[in-house]
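Next come the chains, spelled out residue by residue.
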Amino acid sequence: PRVLSSSSTLCRNSSTSDSVRAFGCSLEHEESTRIERKIVDNKNLYIEKTPFKYNKRVNHTMKISTSQFRNGLKIIINDQPCSILEHEFHKPGKGQAVMRVKFRNLITGKVIDKTYKSGESVEEADVMTVEMSYLYSDGEQWHFMNSSTYEQIAINADVVGDAKKWIIGQENCEVVIWNDEPISVEAPPFVELNIARSDPGIKGDTVSGATKPAELETGVTIQVPLFVEEGEKIKVDTRSGEYSGRV
């Protein structure tokens, strides 16, 4: 009772902190409030130093076993994110079983083979793929817009990579984000592009299978059937770079 009375006396004192008056003049409550505010302030400082970008997520890396491998899984190899393209379990007549893996480095684009011991653990790569619409290029950077948030970002040409061959504007691409930075851009599976230059077509030749080079409006050259003419719009498979048909 005496402590409460003392707190009440402090409450009536004009110099008493606002925290004490706001919480029934409880010194104990004031202390917990001060600690809570300190934590919140620290959190605010952290957020200001590391602003959210590209729908930033908190990284929670985890180890996974070779038994959990699947095509498309993203793992860390030599401190860089890679995507598993193929994996095969192999049990020799003698010795330990192994997992043979073919993966693509998401930063360099190189395809490499690697063998793991069965049951060996690796670190899963915390990457995310964001659908973004290609807007334009200023010569140095390629500008994209997040299809969900409408946030616009600029990506260096070396990161855009081979996607530059197939996009002219408004295509929805998949941008891979790792450590809050775009590391690769994947063009849509199919795009429609005009033929900028090509030799004259041969009418009626639709079954011979012969082809000729044709330069598309993006500057890349592909093989097209002889009957396709300059100025036509065609459909191209960006994964193989092959002609897929007329539009």
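Up top is the structure these notes are about.
Right, let's walk through the structure included here. (Residues numbered from 1 in each chain as written. Predicted model: local features only at pLDDT ≥ 70, side-chain atom pairs only at ≥ 80, totals over all residues. Heavy atoms only, no water.)

## What about the pairing of strand β9 (residues 152-156)?
We apply this condition: Each residue is placed in one exposure class: buried if its accessible area under a 1.4 Å probe, protein chains only, is under 20% of its type's maximum, exposed if it is over 50%, and partly exposed if it falls in between. What counts as a helix is a DSSP run of H or I of at least four residues, what counts as a strand is a run of E of at least two, and both are numbered from the N terminus. We treat two strands as partners when DSSP finds at least two bridges between them.
Here β9 shows a clear split, with I153 and I155 buried on one side and none of Q152, A154 and N156 buried on the other. With antiparallel pairing between neighbouring strands as the criterion, strand β8 (residues 141-146) and β9 make up a hairpin whose turn holds five residues, including Y150 at a positive phi of roughly 65°.

## Concerning the packing of aromatic side chains
Let me state the cut-off plainly: Two rings from Phe, Tyr or Trp (for Trp, the six-membered ring) form a pair when their centres are within 6.5 Å of each other. A pair whose planes differ by under 30 degrees is stacked, one over 60 is edge-to-face, and the rest are tilted. To sit over a ring, a charge needs its Lys NZ or Arg CZ within 6 Å of the ring centre and within 35 degrees of the ring normal.
A full pass over the atoms with the stated rule returns three aromatic pairs. Every member of this aromatic cluster is reached through a ring pair, and the members are Y134, W142 and F144. For K114, the ring lying beneath its charged end belongs to Y116, and the centroid distance is 5.4 Å. Above the ring of F190, the side-chain terminus of K235 is found at 4.9 Å from the ring centroid.

## Digging into the side chain of T66
Here is the rule: Contacts described as polar in this section are N or O atom pairs within 3.5 Å, which, within protein, must combine one atom able to donate a hydrogen with one able to accept it, while residues neighboring in sequence count only if both atoms come from side chains. The criterion used for residue contact is that any of the two residues' heavy atoms lie within 4.5 Å.
Structurally, T66 is set in the loop between β1 (63-65) and β2 (74-77). In terms of polar contacts, T66 uses its side chain to reach the backbone amide nitrogen of G119, at 2.8 Å. Residues contacting T66, with those up to four places away along its chain left out, are M99, Y116, K117, S118, G119 and E120.

## A closer look at the pairing of strand β4 (residues 98-105)
The side chains of a regular strand alternate, first on one face of the sheet and then on the other. In terms of strand pairing, strand β3 (residues 80-90) meets β4 through eight bridges, oriented antiparallel. When the sheet's bridge partners are listed, I84 is paired in β4 with F103. Alignment of β4 against strand β5 (residues 111-117), held across seven bridges, turns out to be antiparallel. Across the sheet, the residue bridging to F103 is I112, located in β5. Taking the residues that link successive antiparallel strands as the turn, the β4-β5 hairpin has five residues, and the phi of G109 there is positive, at about 85°.

## Observations regarding the pattern of salt bridges
Note the following rule: Any carboxyl oxygen of Asp or Glu that lies within 4 Å of a side-chain nitrogen of Lys or Arg is treated as forming a salt bridge with it.
Tallied over the entire structure, the rule returns four salt bridges. For R246, the salt bridge goes to E232, with nearest N and O atoms at 2.9 Å. Placement of the pair is R246 in strand β16 (residues 242-246) and E232 in the loop between β14 (221-225) and β15 (233-237), with a sequence separation of 14 residues. Overall, R246 belongs to the partly exposed group, its relative accessible area being 45%. R239 is the salt-bridge partner of D237, the closest N and O atoms lying 3.1 Å from each other.

## Things to note about the environment of E131
Topologically, E131 is positioned in strand β7 (residues 127-137). Looking at E131, the relative accessible area reads 45%, which means it is partly exposed. Expressed as a C-alpha distance, the spacing of E131 and S148, which sit 17 residues apart in the sequence, is 8.0 Å.

## What about the nonpolar core?
Rules: Buried residues of nine kinds, namely Ala, Val, Leu, Ile, Met, Phe, Trp, Tyr and Cys, make up a nonpolar core once their side-chain atoms join them within 4.5 Å.
F144, I155, W166, V185, L216 and I234 are the most contacted members of the largest nonpolar core, which totals 30 residues. The element best represented in this core is β7, accounting for four residues. Each residue touching V185, except ones within four places of it in the same chain, is listed here: F144, I155, V159, V160, A163, C173, E174 and V175. Counting residues in hydrophobic clusters, the runner-up holds 12 residues, among them I64, I75, M99 and Y116.

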